[in-house]
Structure formats: C-alpha cells, structure tokens
Amino acid sequence: MPEPVKKAVSAFTKKPKTQEAGEGSSVVFEAETEKPDAKVKWQCNTKDIASGNKYVIAADGNKHSLTIQAITKEDANVYAVIAGGSKVKFELKVVSNPEAPVEVPTDGPKESSRQPEPSPAPPAAQDAPPTEDGQLPDTRQDLTGLFTEKPKSGEVTVGENITFVAKVNAESLLKKPTVKWFKGKWMDLASKSGKHLQLKESFDRNTKVHTFEMHVIEAKPNFAGGYRCEVSSRDKFDSCNFELTVHEACAVEGFDIRAAFRRTSEAGKKRSGPPPSSTDGKDDSGELDFSTLLKKRDSFLKPSNRAVQMSTEPDVDVWDILRSAPPSEYQKIAFQYGITDLRGMLKRLKKMKKEEKKSAAFLKKLDPAYQVTKGHKIKLAIEVANADAEVKWLKNGQEFHPTGSKYIFESVGNMRYLTINNCSLADDAAYCCVVGDEKCTTELFVKEPPILIVKNLEDQMVMKGERVELECEVSEEGANVKWEKDGVELTRDESFKYRFKKDGCKHILIINEASKEDCGHYKVKTNGGESMAELLVQEKQLEVYQSIADLTVKAKDQAVFKCEVSDENVKGTWYKNGVEVKSDARVNITHIGRIHKLTIDDVKPEDEGDYTFVPDGHAFNLSAKLNFMEVKIDYVPRQDPPKIHLDCMSCTTESTIIVVAGNKLRLDVPITGDPAPTVVWTKGEKASSVKPDGEEKEGPTSSWTVKDGKVISEGDSRVHVETSKGHCIFTIEGAERQDEGIYSVVVRNPAGEDTADINVKVVDVPDPPQNLKILSVGEDSCVAQWDPPSFDGGQPIIGYVLERKKTRSYRWMRLNFDPYPDTTYEAKRMIEGMAYEMRVYAVNSIGMSRHSPASQPFVPVAPTSAPIGLCVDDINDTSISLKWRRPEKIGAAELEGYGVEYCKEGTDEWIPAIKGLTERTSLTIKDLNTGDKLQFRVRAYNMAGPSAPITLGQFVTIREIMQRPKIWLPRSLRQTLIRKVGETVNLVIPFQGKPRPKVTWSKDGEPLAATFANVRNSELDTILFIRNTDRKHSGKYDLQVQIENVEDSASVMLQVVDLPGPPEALKIMDIWGFNVALEWKPPKDNGNCEIIGYAIQKADKKTMEWYTVYDQYRRTNCVVSDLIMGNEYVFRVYSMNLVGLSQEPCNTKDSAYIQKSGIDYKHPGHKEHDFSEAPKFTHPLVNRSVIAGYNATLSCSVRGIPKPKVTWYKNKMDISNEAKYRMLSKQGVLTLEIRKPCLFDGGVYTCKAVNASGEDVVECKLEVRPQIVKEEKKDEKK
C-alpha cells in the first residue's frame, strides 16, 4: 500500500480573508502567527510589497496587518502572506459606487433578452446572503479557479430570450479549455442545439480570455431548472451551477392543480407570486417536462358538469383525496382532476406522507449497504423486538438456508446474525431479512482484492527490425491489465503492431519489427499496482569484415575487387570515378551471401581508376584503386636525377598524415628520374640520416627497398611497397598504434638522389575509463564517479557514455546518448531495493572505447521514516529510560539500528547517548547529572543514512520522582497458605515506590535468617523462596517496604503440614453377638493440621488379610458388626488429616473371638450404668476471615448424653430465628452457614450446648473483608 501523505501544519493561527471595498476607501487584512518572532512577507500578484504611501505594513508580536489606502480598480488583485513554509492567498474585490437601479418592464417584446450583468465579483459571492457582521461570506468553490466570470442564475418570461456567459483566462493554460453545458445532472446540451438553444464561443487575443455563451431563445416553461457549466484543461477542472426560472406570460385565475406537477415551479403558488428559488425536487431538476406536448382534451376546455363542480367547490383538497385513497385509485383521481404528470404526482405524494412509524418487529435494521473484500467474511446483524420471532433471509428475493460453512444463521437473544464466509462475486447481491410482514433490505458489494504485479517489466535495448517481448507476471490468473506507452493506452491496431498475450499469470506485450518510433516508456497497470520499463531501438551498424584492396594489373589480366560485410541481406552499388558500373561482357557483378565481387576481365588502360562500393541504406563506402601496368622499355640516351613531388614539400620539410587504427595506411609518392630510381623506405630515422648501402646504421630502424618495381627487402608481412611509372606506393594493412612515427623515402639513380620525411600519426579509440565507483545512493538514484582513461587515443576525450543493468539481468541500458563531459554522473529513475551495476565508455572523435569494468553492485535506497511514539519510561537522579516504536516506513533496506542523542537546554549541540547504534526500541541512559534539563531525539539508520529525528515534546529534568511505597499482596496470599513438608514455597509479591524502597522480611516478629529462607528483591517485587519446607517454617511472615519514614506492610500465614501420628490406646471394650466395640485416643502428633477422621480395619487371625470397616470415621469409638461366628479377629486404626493416613497404625493387643451359636451366654451381673454425660465440645470453633459476598461456614463438634440442645449467638444475641443463618447438626458436627455475609456480619459467634447434665460454650471471631478488586475496577471505569 503507498505511504499516506502527512498534512502540513500551518504557521498561521488566523488567516486573512477575501474582502470587498468601494473605490476610494481603505481596507485592512489581518493575520496571526503561532510564533511571535516569525518573519512575515506580503505579496501582490506574487511580487513583494513594501510599506509606503499606498501600503502600510504593521506587526505587533504575533499579529500582522496590511492596510491598503485609497483603493482603485487596479488594486483588485490576488494578495498573499507568507510565514515560514506557509502561504495564504486572498483577494481584494473593488466595487464601483452604487447607481440608481433601472426598472425593466415585464411586458416587453419577445426579442428583449434578459442577460445577467457582468460583475468583477464571482456570482456565488453576490448571490450569497450577508452574514451577521455585514460581510458577504466566501462561497467560492474550492477548485482550480479557471473561471474569471461564472454564469449567474437568471429569470425569463415564456417566449423571451436569455444569455448565460462564462469567461476563462487562458494565460496559464497550455491547452485550449473545453467547456460543456449540462441541464440537471446528466443531460449534455451540446446535442440539443437548435432553434431554442445556441452555444457560442470567442477568443480575445489581447486579453487571452475565452468567452463561452449559451443562448436560450423563446424560452418555454420546461426550460426551467438547474444547469451546470464545466471547464477543463488537461489536469485542471472547474465547474459552476446556476438556475433558470421561467415565468408564465399571463396569470391564470383560480388554482390549477396541474401546476403542482410541473418540475419547473412549486405547486400551490400563484403565478403572480415570487419565482421559486429551486425546482421541485432537486434530484429531478434535470428532467424535462413533456406534459405540455400532450394534446389538450376538449373535456377540459368546454364547460361541463365536472368544470362546474370544480368551480363551485374550490376548497376541495386533492392531496387529502390522494392521501386517503388506495394506490389503485390514483390514476382514476388524476384523470378526474386533470393531472397529466403522474410520475410527479407520485413523487410529491411520497414527500407529503407522514413520517414512517417505528418498526414493530425490528429494533435495529440492516444498514443500506455493506462492502467486503473478496475471500473475507462478513456478519450482518439485526435486532428484533420479540426474542422468539422467526427470521427468514432472502437473497435477490429468493429464500436461502444455512449451507455448510458458507452461510451461518445465529440467534442470540434478540439479535439475529447472518455470517457469509469466503465471499465471492456471486455473493454480491441484495439481501433481505423478513420478520412476519415486515422486512429490511441491504446491498452487499464484494470488492475484488487488488491485482499485484509479482514480476516487473525489464528494460530492453533491441536493434531495428527485431521482435520485442515485454513480459510481466501478476498475482492472479485471468486478471485484466492495461498497457500504456508514454501515457497513451495501447490497443490492437489494424496492422497488428501490438499483440497482447496471456499465459496464466503472465502477460506479454509483443511488438513485431521494432522501429525508432517504438522507443519510449511502456507501462503495465493493474488495479493494485503498475510497472514500467524503457525500450530503446537502435539502428543496425553494418560491419566490414573484409574491405576492397588496391590492385595493379597488367594488360589482358583479370581484376577482382572483393569485400565482405556483416549483413547478407544488404545490397550495394559499384562506382568507377563516381559513375555507376554496369555489368557487360567484360564486367561481372556478383552478390553471394555477405560477399560482394566486381570482376573485370581483359583489363585495358581505360579501366584504371578509383572503384567504390556503396552499401544500400548505410552512410559509408569502400574504395580502392585499380592501377594499369604497361610494360615498356624506353631507351633514353640522357639521365635525369630523381625527384620526389609532394604537395607540401615547398611549405615544410616534414608532412604529417593521420590514420585511424585498423584502417589502411597508403602513402602514394610521385617521383621522377631517368633511369628509374631505386626507392628506399625507412622508419625510425629521418631521410638525411639514411646512409648508402654497406655502411652501418645506429638505432632500431625498418627499411624497405624497391628496384625496378620489385621489392628487394620487406620487414613486415602487413607492409606492401610497390612502384609504378611516376609513383611509389607504401601500404600498411590495418594500421596499429606502434606504426606511428617518421617514415623516410629515398630515391636514387646514377644521376643523383632525393629524400623526403613523412610523419605518420595513428589515432585510435581511447582506453576504458578507470576506477569506477558509486559515491552515494538515493531512493531512486545514485552518483557515480570515475577517472579518465590512461590513453586518450591521440584525440581529446569528447565525453563519456554510461550504462546500467540489474544485477540478475543480462541487458545493459544506456543512460545517455550524447557524450557526458564530466567524470561525475547522477543516474536516476531506478527502482528502490533493486541491485544494479554500472559501467562507462570513453568517447573521442574516433569512436567509443571498450567499457570499463562493472562497478560493485549497489542498491538504491532511501532513509526510513522517523521512529514514532518516543516517550519517557522511567527516570531517576542519574539515568533515564526511553522507549519508542519502529518507523512506519522501513523501505527496501534493512533497519540497522537506532541512534539516540540528547541536547542540554540553552545549547544546540547534540551529544550521542551511546556509542554506535542500538537494535532495541528502548534504552536506559546512565551517568547523567542530577537537575540537568535535557532534550532527547531518536533517529533510525539504514544503509542510506539516518532518518528524520523524533524529539520529545519538551525538555526533561533529570530528577527522581517520589512515589509512596505500596504492597500489592496477591489475593491467593491473603488466606493461610498450606504446604506439605518437602514442597517448595515461592512467594512473589509486587510493590511500588520511588526511589527504590527498603524491603524487610520477618517471621513471628524476628528478622528472617538467610539460612532459614532465601529472599530476592528487585525494583518492582520481592521473592520469598524455601526449597524444602519443614514444619518449623510454619508461622506468620511479615513484609515491610519502607522509603525514609513512609512504609507499608503485609503479612502472610504459612502452614506446613505433615502426616499425623498413629492413634493411641486402641482397646476392645466389649464383645456381644456378632459385634465388637472399640475405643482409642487421638494421636499425639496431628501433623500440624486438623484430624479429619480415622480408618478402622479388621483381620481374621487365620488369614491376616485386612479389610477396611470404616473410612474417615470422625469419632474415637466404634462398633464393628457383621462378624463371622467362630472366627477370631484383630483390629487396627489409622489417623487421617489433609495430607493422608498416618504411616503406622495402632493395633489391638487382644483379639476378639466370636462365640458359636448354642453356647449359653451368662450375662454377667453388674450395676446399671449411668450413660448420662454433660455436653462437651470435642472440636472448638476456629477464628475465620472471609470475603464479603461469599458464603461462610463455622463448624464444631459436641458430645453429650442425652443429645444436648444447641443455640447459636452473635455478639451474645440469639440468631436461631434469623433467615440469613442456617444451622445444621449431623452426628455431633454442628455447622452454622452464613449466606453472603456483608461487613456488618463480622463479630463474635457463640455456640451453646445444654442438656440435663450440664452445658458447654464455645466461641470464635469472624472477620468480613471487603472486595478490594471490584472496587478498584469501578474506580478505573470512573
């Protein structure tokens, strides 16, 4: 997604506004800036204004004013005020002194036109009502302001003419503006021109103003309505709305209901009343009323009963009749009362209906429309009045039901939900929810996700005539793309120049036989992105593989000129001395592949001359010379000394010949002498130093001797020396750089000798540039620098040509076609994040060098955006902790880290807080001076450098902030914490306080020893850790947090429990029948917790297999029944607490034998035992602390015979009849249940047991604590 543009902050708190003033008066424009020291500049038509007689500029703090005195019409200009980077424009409108208005008679001839008078002020400003302060409001449209005069609303009588004028200033426009006139919203009036409507335009070359006119001729009532004028010029656009009101020619007596349905006026108003300000229904203002074209019926013209009835009953309100009539009777009533515009009648009737009553079935309806992205899900919700109401869902009028996971219907209370999963284009429809006879509808619009370009286009360079394929890949198959060339959309033309191919996600643009006109930037667009590539087409350069060579032939020999070029399709023409050569009996011209031949048989003297081959379509030629050698022997009795004839011999002793490396060097020297002289060519020394044969020569030299036309000596196979009559020719095939130097020619014969020196200079293309490097990179650019080549080729360097390519591509793109003179170049139009390479060529007058080695790969990147959310996390006397969030825009390069700096108040120097960068989004800066006021900023860094900084809003004072100590005791630790022996205790208790508070732990009032428990403290919490608990660790632990003389404390109760000891003194008290009575005492060691019962087991002495008789038996005596007669039993008892059974049981010392039947049992005589026993509480009440709102129970156990009467008291008050309390008694266990206690239920509770033998009392204290957590949540909500 592109980054959203941040809105610029204005430097003005109060901006000057456009004002109107009369001629000769003064006007004051006022402005206020945010900063009092801001520099303010005033301008008129973009020119600065200086204070003087005409303009008075004043400034008072942040208030600035501009006063214009003695206003004239020339002062009506556009003014501006500038402060910092903000510029505000405003206008001064000068109005002439008002004149007496001229009355225009209404009953004028038809030709009199009513045209709005032009005024320098915009029509919108004139038509707007004045505000309370008397000034006209600024009603100009927020557009580009192309109009210098806008068409104004007007009024006309039926049959008269009216003209609307619009003027556009074309000084700042590059293209002629286009104007369109509309009626209503959509009707283009250009197609309606004719008898009643004419559109004209004119242009004033002096003022450069276009004038556009719309003439309405013989206006009709249906011409009334809203009109719009639109003007556009390339990327600029402006529009203006105006209205035309048409009045009837004469008034009609009485009320005509048909006037209520004309869209050109309001119903119910008399014709003599003021004209309506707008049409009937703004949405229909653009529709023409064709009811006037209907043929009038005689029944409405002739008097009839109906007419009499209408005239005798003028008070009949047709709207009341229509409002109460059913829709089926509308047409009949309209016909009865002469209504012709049925559509207008229905619309007006709809507007006159009463407000719709609230729905009885729906409390909340569907929205008019919803939008969802393709592939996502949407949930439609309604709220019905009846929770049991049945709901039907319709799609495009058809009912549908839940289908798998596609459509899901939900009903939660009064809410009804329709969930559509994985939305597709088929789900784009109208949905309706029906409850009984009522329904609500909505439309669902499914938005297709944007098509992304996965693989971008690549730049290409091709030769003329080649086939071009531009290929890209999108994210979805079958997607539609648009191809453009230089901003113009491409289509399939008649010549099939462009072809568009689709292959799955790939889209290919094919250009057959590329030409120079195809060069440009090609762009492919989707609804989710675009990609652009550049296409360069170059002319093919014809290369010469073999050039034609000079020939010297004798009479009647054959001469063959042969050349080879790179393109076998290139044809050519042969010329001799500028005249085209034609084939004949002796001359044969052939073209086979790349080879072109010119063959001349039976050579004659007239065939001698310069032959040239010119390839078709290329601006160069190949030349060679044909020399005819005639063998003659002339005997001249006298001898002439040899002579060298050079053109420049009379000017200088040396001549310089320049030859391009690779070309042929041909030195043709005219000579004379008789007899024929011997020619000696030397290189490396001047001719004056050439010695006769037989003498020694110093230094490296090369020599070639020709005598009688034959080469006597030859130093190089590339060198050819030949002589003809009057000429000596020295040729080097493919000149090289080492062939440069001084060549000397010496001619000798018996009559004497002559010498000449020729300086040969070989020029070549320069060497490649050196040390190419990339100095810097930007978001889409880079700066490259290189050194000039070591050898310039003998010619000055004209400039350089640069190329670039993507690292993974093989195509090099040329960046400049004209040589660039400097050695530093800025390359632009690159793709951010893409790796590139560059290379450079040197160019001189000979040609272009080989390319330099490619530069190191580089990636154009831009700095990231500034980090966000910088704030202070913590602060003390010497350090501060800062935190921030990652930048919103990272870019293509990876984020390397963040740099944090600070600046002291009163200085501009930013000091790094740390060395290097930090990768985290938080930092603690230490070793700061207490009391310093510092400003902090953070910048993000990547390979492109630092981003814009984010700065704290104000300076921060380095000082500790005092915070009272407070312990946040967890809820789980507010009750007794129970742990088994050997378990681990790890208590984490958070607290607060600044500076760091002092934390102290103690147990039962004594400091906690380090060997007893481990304590670890931090700035925010404290930890009490006991690895292996023992019963000695039980007790009350006190935590104290203190800062100076302010402290807070909390307590934690720890109870370490263990297995209990075995019961004591297990005895067999009695044996009778199949029963045995047992009794024992509680164990001495209860394991530091309450004994919850006993486990009684029995065993037959024969098998000694133990069976449990009672489990969790609470009393200390029991009767074991159902024993087997004749067996002998032993018994044992285990004690039980929260941890489990005791490790050892208590066994009976004696055994119990169950006597067999038939044995007479003699009842031992004894006194009757008194079983009465006074009440005694075997388990007392325990003090408890409970939370308000949660049920609480108090338990105890009592023993007494007979069963005692139990009474409960609260604070010594009997609560037996209180409904809030519930008393339970089961097998001696007494329980008092308190239902949802409140703070007032705390106090001392007493349980009293009474029987005939006595009484016993036990009491405990109940504490009810408030719900702290709920109160805190309520405070947070407040």
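For the structure, check the block above.
Residues numbered from 1 in each chain as written. Predicted model: local features only at pLDDT ≥ 70, side-chain atom pairs only at ≥ 80, totals over all residues. Heavy atoms only, no water.

Participant: Any chance you could explain the sheet that holds strand β67 (residues 922-925) here in plain terms?
Facilitator: Backbone hydrogen bonds hold the strands of a sheet together, and the pairing may be parallel or antiparallel. Taken together, 3 strands build an open sheet; the order of strands is β63-β64-β67 and the sheet is antiparallel. Since the sheet does not close on itself, it has two edges, and those belong to β63 (868-875) and β67, each with one partner. On average, adjacent strands in this sheet sit at an angle of 20° to one another, irrespective of strand direction. In terms of strand pairing, strand β64 (residues 880-885) meets β67 through 4 bridges, oriented antiparallel. Bridge pairing in β67 places serine 881 opposite threonine 924. (Pairing = 2+ DSSP bridges. Helix = DSSP H or I, 4+ residues; strand = E, 2+ residues; numbered from the N terminus. Axes fitted to C-alpha atoms, helices over the stretch in contact; angles between N-to-C directions.)

Participant: Help me understand the pairing of strand β91 (residues 1192-1201), please; the structure alone is not making it clear to me.
Facilitator: Every regular strand shows the same layout, with side chains that alternate between the two sheet faces. In terms of strand pairing, strand β89 (residues 1173-1179) meets β91 through 4 bridges, oriented antiparallel. By the bridge assignment, phenylalanine 1177 is partnered in β91 with valine 1198. Direction of pairing for β91 relative to strand β95 (residues 1229-1234): antiparallel, over a ladder of 6 bridges. Directly across from leucine 1194, in β95, lies its bridge partner leucine 1232.

Participant: How should I be thinking about the packing of aromatic side chains in this particular structure?
Facilitator: For any pair of aromatic rings, the description consists of the separation of the ring centres together with the inter-plane angle of the planes. Applying the stated criterion across every chain yields a total of 23 aromatic pairs. Ring centres 6.1 Å apart and planes at 80° place the aromatic pair tryptophan 181 and phenylalanine 242 in the edge-to-face group. In this pair, tryptophan 181 sits in strand β14 (residues 178-183) while phenylalanine 242 sits in strand β19 (residues 236-247), placing the two residues 61 residues apart along the sequence. Accessibility expressed as a relative area gives 2% for phenylalanine 242, which makes it buried. We note lysine 379 situated over the ring of tyrosine 417; from NZ or CZ to the ring centre the distance is 4.5 Å. In this structure, lysine 966 packs its charged tip against the face of tryptophan 968, placed 5.8 Å from the ring centre. (Phe/Tyr/Trp six-rings, centres within 6.5 Å; stacked < 30°, edge-to-face > 60°. Buried < 20%, exposed > 50% of the residue type's maximum accessible area, 1.4 Å probe, protein only. Lys NZ or Arg CZ within 6 Å of the ring centre and 35° of its normal.)

Participant: What exactly am I supposed to notice about the environment of serine 1195 here?
Facilitator: Of note, serine 1195 is situated in strand β91. When its relative accessible area of 34% is taken as the criterion, serine 1195 is described as partly exposed. Residues serine 1195 and serine 1225 lie 30 residues apart in sequence; the distance between their C-alpha atoms is 9.7 Å. Here serine 1195 is in contact with His1179, Pro1180, Leu1181, Leu1230 and Thr1231, once residues within four sequence places are set aside. (Contact = heavy atoms within 4.5 Å.)

Participant: Looking at this model, I keep getting lost on the nonpolar core. Mind explaining?
Facilitator: Across soluble globular proteins, you tend to see nonpolar side chains buried next to one another. Phe164, Trp181, Met214, Val216 and Leu244 are the most contacted members of the largest nonpolar core, which totals 27 residues. Listed by contribution, the elements that provide at least two residues to this core are β13 (161-169), β14, β17 (209-216), β18 (225-233) and β19. Dropping the residues within four chain positions of it, leucine 244 is found in contact with Gly154, Val156, Ile162, Phe164, Phe223, Ala224, Gly225 and Tyr227. Ala389, Tyr407, Cys423 and Ala429 belong to the second-largest nonpolar core, a separate cluster that totals 23 residues. (Core = buried A, V, L, I, M, F, W, Y, C linked by side-chain atoms within 4.5 Å.)

Participant: Sorry if this is basic, but what is going on with unusual backbone geometry here?
Facilitator: Excluding glycine, most residues fall at negative phi; most peptide bonds, likewise, are trans. Following isoleucine 1201, the chain continues to proline 1202 via a peptide bond in cis, the omega torsion being -10°. Note that proline 1202 resides in the loop between β91 and β92 (1205-1210).

Participant: Explain the side chain of asparagine 816 to me, please; I cannot follow it from the model alone.
Facilitator: One can find asparagine 816 in the loop between β60 (813-814) and β61 (824-827). Polar side-chain contacts of asparagine 816 include one of 2.8 Å to the backbone oxygen of aspartate 818. (Polar contact = N/O pair within 3.5 Å; in protein donor to acceptor, adjacent residues only side chain to side chain.)

Participant: Help me out: how do you make sense of the pairing of strand β3 (residues 27-33) in this one?
Facilitator: What you see with β3 is a clean split: Val27, Phe29, Ala31 and Thr33 sit on the buried side and Val28, Glu30 and Glu32 on the side with no burial. Alignment of strand β1 (residues 12-14) against β3, held across 2 bridges, turns out to be antiparallel. What sits directly across from phenylalanine 12, in β3, is threonine 33. Here β3 runs beside strand β7 (residues 63-68); their pairing, made up of 6 bridges, is antiparallel. Counted as the bridge partner of valine 27 is isoleucine 68 from β7.

Participant: Explanation requested: the side chain of glutamate 803 in the structure shown.
Facilitator: By secondary structure assignment, the location of glutamate 803 is in strand β59 (residues 797-806). A polar contact of 3.2 Å, which involves the side chain of glutamate 803, links it to the side chain of tyrosine 841. The residues touching glutamate 803, leaving out its near neighbours within four places in the chain, are Trp812, Met813, Arg814, Leu815, Glu837, Met838, Arg839 and Tyr841.

Participant: I would appreciate a short explanation of the sheet that holds strand β82 (residues 1075-1081) in the present structure.
Facilitator: If you walk across this open sheet you meet the 3 strands as β81-β82-β85, and the pairing is antiparallel. Each of the sheet's edge strands pairs with one partner strand only, and the pair in question is β81 (1064-1072) and β85 (1117-1120). Pairs of neighbouring strands in the sheet enclose a mean axial angle of 20°, with direction left out of account. Bridging between β81 and β82 involves 6 bridges; their strand directions are antiparallel. In the sheet register, lysine 1067 faces β82, and the bridge partner there is glutamate 1079.

Participant: Help me out: how do you make sense of the pattern of salt bridges in this one?
Facilitator: Side chains that differ in charge, positive against negative, can pair when their charged atoms come close. Considering all chains together, one arrives at 42 salt bridges under this definition. Between glutamate 484 and lysine 525 there is a salt bridge; the shortest N-O distance is 3.4 Å. A residue pair is termed long-range when its members are at least 10 positions apart, and glutamate 484 in strand β32 (residues 482-485) and lysine 525 in strand β36 (residues 520-526) qualify at 41 residues. Taking the relative accessible area as the measure of exposure, glutamate 484 reaches 7% and is therefore buried. Classification of lysine 525 as partly exposed rests on a relative accessible area of 26%. Among the salt bridges present, the one from aspartate 550 reaches arginine 666, with a minimum N-O distance of 2.3 Å. (Salt bridge = Lys/Arg side-chain N within 4 Å of Asp/Glu carboxyl O.)

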